[in-house]
Amino acid sequence: MESICKNLLLLLCFSLSLALPIQCYQTFLDCLLHQAPNSNLSQLVYTQNNPSFTSLLDSSIQNLRFISPDTTKPLLILKPTNVQEVQASIICCKNHSLPIRVRSGGHDYEGLSYRSISATQFVMIDLASLRDIHVYPYQRIAWVQSGATLGELYYAISQKSGMLAFPAGTCPTVCVGGLFSGGGLGIMTRKFGLSVDNIIDAKLIDANGRVLNRESMGEDLFWAIRGGGGGSFGIVISWKIRLVQVPKIVSVFTLNKTLKQGAISLVEKWQRIAPNFSEDVLLKFSIEPEMNGGEPVAVFKSFYVGRCTGLLTYMQFHFPELGPEKDDCEEMSWIQSVVYFAGYGHAKPETVLLDRRSEPKEYNKGTSDFVTDLIPYKIWEDIFDKFLYEGAGIMYFETQGGRMSRVSDSDTPFPHRKGILYKISYLVFWPDNADVAEEKYLGWIREMRSFMTAYASKNPRGAYVNFRDLDLGMNEERNTNYENARVWGEKYFKGNFKRLALVKGKVDPENFFWHEQSIPPLVSGLYAES
């Protein structure tokens with residue numbers, strides 16, 4: 001009873017005025033200094049009364065839906081600058097019964113790295129200052145901290161070698177800590193696999209504040225952190241990655257096709273042939289509403305590990321109907337292709353990739369699907385028709401196959417591999433947070449995903465954890481239950497979900513690392529096989 005009262009008193013104190021030198025707040029600061037005696041608390045701890053609190057909180061919120069008075073804000077923001085301060089943050093929050101959220105880049109689709117759906121008080125640990133990158137070109141490896149952006153990682157690699165790269169996402173402001181924790185799809189996935197397929201070590205701080213590497217954490221935990229979703233097993237401080245070799249020149253093209261230009265016939269054929277293309281070739285497309293209320297357009301984008309002559313010859317043989325011509329194809333370095341696929345054309349890499357704020361912030365909602373069977377032509381017509389509706393967003397179709405089909409579903413927690421034709425990403429954006437606007441746009445994306453139910457993967461219907469969607473289900477506060485969590489967990493992880501829960505039961509049985517879609521702890525021997 002004494003410990004319960006103490007915890008309630010601490011939470012009450014923290015929920016009052018954090019600027020006041022009240023006893024419980026001072027106890028928390030004393031704990032931090034005890035654990036990290038060289039820390040400058042004025043640069044580590046930000047209370048709600050700190051003038052920098054709001055700007056720091058908002059700096060990495062990428063979805064404007066979650067910058068509102070209704071969004072639960074953290075009691076404190078802790079911004080560690082070294083490993084010892086991360087350890088101190090975990091230990092002291094746990095000792096003071098303060099739940100935490102961990103943010104690297106703030107791109108979580110549901111904002112769970114910096115907000116809470118419930119009214120729970122929590123502390124946010126911001127990893128933005130942990131962004132060191134060390135590239136070793138002769139060994140073809142690099143160490144990168146979780147707060148570094150993909151843009152910073154790509155640029156650092158390019159400065160060491162023009163023929164080394166790393167397979168990861170296309171958004172340069174996404175941080176590696178978030179992307180790696182969910183898998184890491186990108187334009188080179190068919191050639192080199194997911195980001196997590198190329199991670200060979202990591203340094204993690206667990207719920208007890210211990211720093212663990214691959215050897216000391218064990219293979220089960222190392223398996224879990226490479227695709228099992230962020231915020232469940234500990235805080236990964238840094239990752240050791242295996243770099244991949246690329247030619248000095250790669251090739252790209254972009255082609256827009258309208259309905260009058262046969263867009264529906266093209267996408268119907270694309271689904272039948274693109275997943276079986278050479279792994280050197282990526283051909284993806286998106287369906288986007290035409291500006292000014294016109295017809296929707298299919299935007300095809302291709303990436304090729306080689307020169308334009310090879311890409312155009314390949315397309316002429318395998319997909320002549322698409323019709324890319326010599327003037328459509330561009331040759332460039334790999335690092336310039338990163339800028340190209342980020343949507344910045346021929347901008348200088350350093351201008352785009354080193355700007356952590358280059359991506360515009362918008363109100364948005366996203367979700368995902370995986371597809372295993374061909375979609376009939378008539379359904380493609382219906383899909384295009386839905387882009388004539390007011391509030392329509394964008395659908396991205398990205399082929400898999402290649403190396404992805406040769407990796408077992410259980411090699412990492414990411415299970416959507418063999419048999420998957422392509423992934424669908426649904427995204428909708430709107431200009432303001434008016435209730436009418438939000439309802440219209442959210443209505444479109446939810447209706448679109450509902451319409452696709454019959455044509456998406458089944459048993460279970462798959463989803464990508466890095467496109468987190470709370471519409472799939474969520475944990476109940478203080479009542480996290482494995483059986484209940486299977487509703488959403490098996491969509492993300494299929495048969496790997498139980499293994500993730502068992503790992504969680506071993507490394508964090510008290511469920512300190514918790515959020516609305518964190519992995520629940522499952523203790524071996526207490527659960528009957530299902």
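Residues numbered from 1 in each chain as written. Predicted model: local features only at pLDDT ≥ 70, side-chain atom pairs only at ≥ 80, totals over all residues. Heavy atoms only, no water.

- As recorded in an unreviewed UniProt entry, the protein chain goes by the name Tetrahydrocannabinolic acid synthase-like protein, listed as coming from Carex littledalei.
- Under Cofactor (unreviewed entry), UniProt gives the following word-for-word description of the protein chain: "FAD".
- Under Sequence similarities (unreviewed entry), UniProt gives the following word-for-word description of the protein chain: "Belongs to the oxygen-dependent FAD-linked oxidoreductase family." (UniProt positions renumbered as here; feature names shortened; annotations may be inferred.)

Brief notes about the packing of helix α6 (residues 150-160) against helix α13 (residues 334-344)
Here is step 1 of the chain: Running from N to C, α6 and α13 cross one another at 160 degrees; their axes reach a closest spacing of 10 Å. For the element pair α6 / α13, the angle class is roughly antiparallel. The crossing of α6 and α13 is left-handed. Touching Y154, Y155 and S158 of α6 are W334, I335 and V338, all from α13. (Axes fitted to C-alpha atoms, helices over the stretch in contact; angles between N-to-C directions. Helix = DSSP H or I, 4+ residues; strand = E, 2+ residues; numbered from the N terminus. Parallel < 35°, antiparallel > 145°, perpendicular 65-115°, else oblique. Left-handed = near helix turned anticlockwise from the far one by under 90°. Contact = heavy atoms within 4.5 Å.)

Quick look at the sheet that holds strand β15 (residues 330-332)
In a beta sheet, neighbouring strands are held together by backbone hydrogen bonds and run either parallel or antiparallel to one another.
Here is step 1 of the chain: Overall, antiparallel pairing links the seven strands, which are arranged β15-β12-β14-β13-β17-β18-β16 in an open sheet. Single-partner strands in this sheet number two, and they are β15 and β16 (363-371). The sheet shows a mean angle of 20 degrees between the axes of neighbouring strands, taken without regard to direction.
Here is step 2 of the chain: Running over the sheet, α13 touches β12 (250-258), β13 (281-288), β14 (297-304) and β15 and is turned about 20 degrees from β12.
Here is step 3 of the chain: Of the strands in this sheet, β13, β14, β17 (394-399) and β18 (422-430) are in contact with helix α15 (residues 377-385), which crosses β13 at around 55 degrees. (Pairing = 2+ DSSP bridges.)

Let's talk about the packing of helix α11 (residues 263-273) against α15
Here is step 1 of the chain: In the contact formed by α11 and α15, the axes pass within 10 Å of each other and the chain directions differ by 125 degrees. Our classification of the angle between α11 and α15 gives oblique. The handedness of the crossing between α11 and α15 comes out as right-handed. Between α11 and α15, the residues in contact are A263, I264, S265, V267, E268 and Q271 and Y377, W380, E381 and F384, respectively.
Here is step 2 of the chain: Of the residues assigned to the contact of α11 with α15, the class counts are six nonpolar, two polar and two charged. (Nonpolar A, V, L, I, M, F, W, Y, C, P; charged D, E, K, R; others polar.)

So, the side chain of Q145
Here is step 1 of the chain: Among the structural elements, Q145 can be located in strand β6 (residues 141-145).
Here is step 2 of the chain: Judged by its relative accessible area of 13%, Q145 is buried.
Here is step 3 of the chain: Aside from chain neighbours lying at most four places away, what touches Q145 is L130, R131, D132, V176, I237 and S238. (Buried < 20%, exposed > 50% of the residue type's maximum accessible area, 1.4 Å probe, protein only.)

Considering the packing of aromatic side chains
Here is step 1 of the chain: Applying the stated rule across the entire model yields 29 aromatic pairs.
Here is step 2 of the chain: When the ring of F370 is compared with that of F414, the centres are 6.1 Å apart and the planes differ by 80 degrees; the resulting orientation is edge-to-face. Of the two residues, F370 sits in strand β16 while F414 sits in the loop between β17 and β18, which places them 44 residues apart along the sequence. For the pair shown, F370 and F414 are each scored as buried.
Here is step 3 of the chain: With a centroid separation of 5.3 Å and an interplanar angle of 70 degrees, the aromatic rings of F387 and W444 are classed as edge-to-face. You can see F387 sitting in the loop between α15 and β17 and its partner W444 sitting in helix α16 (residues 435-451), a full 57 residues away along the chain. Take F387 and W444: they sit in the same class, and that class is buried.
Here is step 4 of the chain: Aromatic ring contacts, followed pair by pair, group W270, F285, F300, W380, F397 and Y422 into a single cluster.
Here is step 5 of the chain: Over the face of the ring belonging to F122 we find R101, whose NZ or CZ atom lies 5.7 Å from the ring centre. (Phe/Tyr/Trp six-rings, centres within 6.5 Å; stacked < 30°, edge-to-face > 60°. Lys NZ or Arg CZ within 6 Å of the ring centre and 35° of its normal.)

So, the pattern of salt bridges
Here is step 1 of the chain: If you walk through the whole model with that rule in mind, you get 31 salt bridges.
Here is step 2 of the chain: For D126, the salt bridge is made with R103, and the minimal N-O distance between the two is 2.8 Å. In this pair, D126 sits in strand β4 (residues 123-126) while R103 sits in strand β3 (residues 100-103), placing the two residues 23 residues apart along the sequence. Note on accessibility: D126 and R103 belong to one class, buried.
Here is step 3 of the chain: Of the charged contacts, one joins E331 and R307 as a salt bridge, the two residues approaching to 2.8 Å between their closest N and O atoms. With a gap of 24 residues between them, E331 in strand β15 and R307 in the loop between β14 and α12 (308-318) connect regions that are remote in the sequence.
Here is step 4 of the chain: Assessed through its relative accessible area of 38%, E331 is described here as partly exposed.
Here is step 5 of the chain: Relative accessible area serves as the criterion here: at 47%, R307 is assigned to the partly exposed category.
Here is step 6 of the chain: If you follow the salt bridges from partner to partner, you end up with E110, R115, K365, R446, D469 and D471 in one network. (Salt bridge = Lys/Arg side-chain N within 4 Å of Asp/Glu carboxyl O.)

Some details on the environment of M217
Here is step 1 of the chain: With respect to the helices, strands and loops of the structure, M217 is situated in helix α9 (residues 214-217).
Here is step 2 of the chain: We classify M217 as buried; its relative accessible area is 10%.
Here is step 3 of the chain: Setting aside its immediate chain neighbours within four residues, M217 contacts A202, L204, L212, F222 and I225.

Notes on the state of the cysteines
Here a disulfide denotes a covalent bond joining the sulfur atom of one cysteine to the sulfur atom of another.
Here is step 1 of the chain: On inspection of all chains with the given rule, the structure shows two disulfides.
Here is step 2 of the chain: The disulfide partner of C31 is C92, and the S-S distance across this bridge is 2.1 Å. Its S-S torsion of approximately -95 degrees makes the covalent link between C31 and C92 left-handed. With C31 in helix α2 (residues 23-35) and C92 in helix α5 (residues 83-95), this pair connects stretches of sequence that are 61 residues apart.
Here is step 3 of the chain: Taken in N- to C-terminal order, the disulfide-linked cysteines of the protein chain are connected 1-2, 3-4.
Here is step 4 of the chain: Just so you know, C93 is unpaired, no disulfide at all, and the nearest cysteine sulfur is the one on C92, 7.3 Å from it.
Here is step 5 of the chain: Judged by relative accessible area, which is 0%, C93 ranks as buried. (Disulfide = S-S within 2.5 Å.)

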